[in-house]
Amino acid sequence: MSDYLQVQGHGGHTLVASGNTMTIDGKDTYDLTAVKAVAYQVVQNHLNGAYQGTDFKIQLKQDKRTRIFFLTTNHRDENIDQYRTWWLQLVERIEAIAVPRLVDEVVAAVRAGQTVPIGPAGARVVLSLEGVKKGGLFSKPVPWSQVTGTTRDGRTVDVLGSKAPGGAPVVIGQVLTSEWNSPVLPYVVSHLKG
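About the criteria used
Residues numbered from 1 in each chain as written. Predicted model: local features only at pLDDT ≥ 70, side-chain atom pairs only at ≥ 80, totals over all residues. Heavy atoms only, no water. Bend = angle between axes of the 7 residues up to and from the residue. Helix = DSSP H or I, 4+ residues; strand = E, 2+ residues; numbered from the N terminus. Core = buried A, V, L, I, M, F, W, Y, C linked by side-chain atoms within 4.5 Å. Buried < 20%, exposed > 50% of the residue type's maximum accessible area, 1.4 Å probe, protein only. Pairing = 2+ DSSP bridges. Axes fitted to C-alpha atoms, helices over the stretch in contact; angles between N-to-C directions. Salt bridge = Lys/Arg side-chain N within 4 Å of Asp/Glu carboxyl O.

Comments concerning helix 1 (residues 80-111)
When the local axis directions of helix 1 are compared, the greatest deviation, roughly 40°, occurs at Glu95. Taken from the residues just after helix 1, Gly113 is the one with a positive phi, measuring 95°.

Right, dumping it as structure tokens:
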């Protein structure tokens, strides 16, 4: 991983990654050792069935500030190889610096008896000492001993487990990859499952 990377994004915005920081437009700096949440995803855009291009997104949250940085292609995918390379380098930096710390924080909070939601109300995964459950008033947690793992595609992170001891694994919780700390979820589940 190169220590310095400068990326030209959508709308003329610039992101400079150096050391532990990512600075957008020369003034909005996010310290990856202190960010409170991250997310990243690649989205192919369609309008009435016609391909419009691909968005490579990086999301950062620190203090009360949030920022989404886009690398966007057009329908001819101009610059897609360069954008994919830059996006992967930015994700690699986030996963090396921010994600391990965020995983440790979430795991410690759950082990201390706190309930930690990932995702928005109504479409979240809720982690607690009791296990994993979908967001909602009437959902019940699946015990950690019955949680089997996670899967991730370009759109969602799924938590898998059996609703009854010895049962077949099914999706017991799901969040979109665009939700804050969705990249943290697979690592947290791996640390906490039985």
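Back to the write-up after that little detour.
What about the nonpolar core?
Counting residues in hydrophobic clusters, the biggest one holds 49 residues, and the most contacted among them are Ile58, Ile94, Leu127 and Leu185. Top element by residues in this core is helix 1. It accounts for 16 residues.

Considering the sheet that holds strand 5 (residues 37-47)
Spatially, three strands are ordered 5-6-7 in an open sheet, and the strand pairing comes out antiparallel. Either end of the sheet is taken by a strand with one partner, and the two such strands are strand 5 and strand 7 (65-72). In this sheet, adjacent strand axes meet at a mean angle of 20° when their direction is disregarded. Bridging between strand 5 and strand 6 (residues 50-62) involves eleven bridges; their strand directions are antiparallel. Looking across to strand 6, one finds that Asn45 is bridged to Gly53.

Examining the pattern of salt bridges
Evaluated as defined, the whole model comprises seven salt bridges. Where Arg76 meets Glu78, a salt bridge forms, and the shortest distance between an N and an O atom there is 3.0 Å. The salt bridge partner of Arg84 is Asp81, with a shortest N-O separation of 3.3 Å. Taken as a pair, Arg84 and Asp81 lie in helix 1 at a separation of three residues, close to a single helical turn. Take Asp81: its relative accessible area is 56%, and that puts it in the exposed class.

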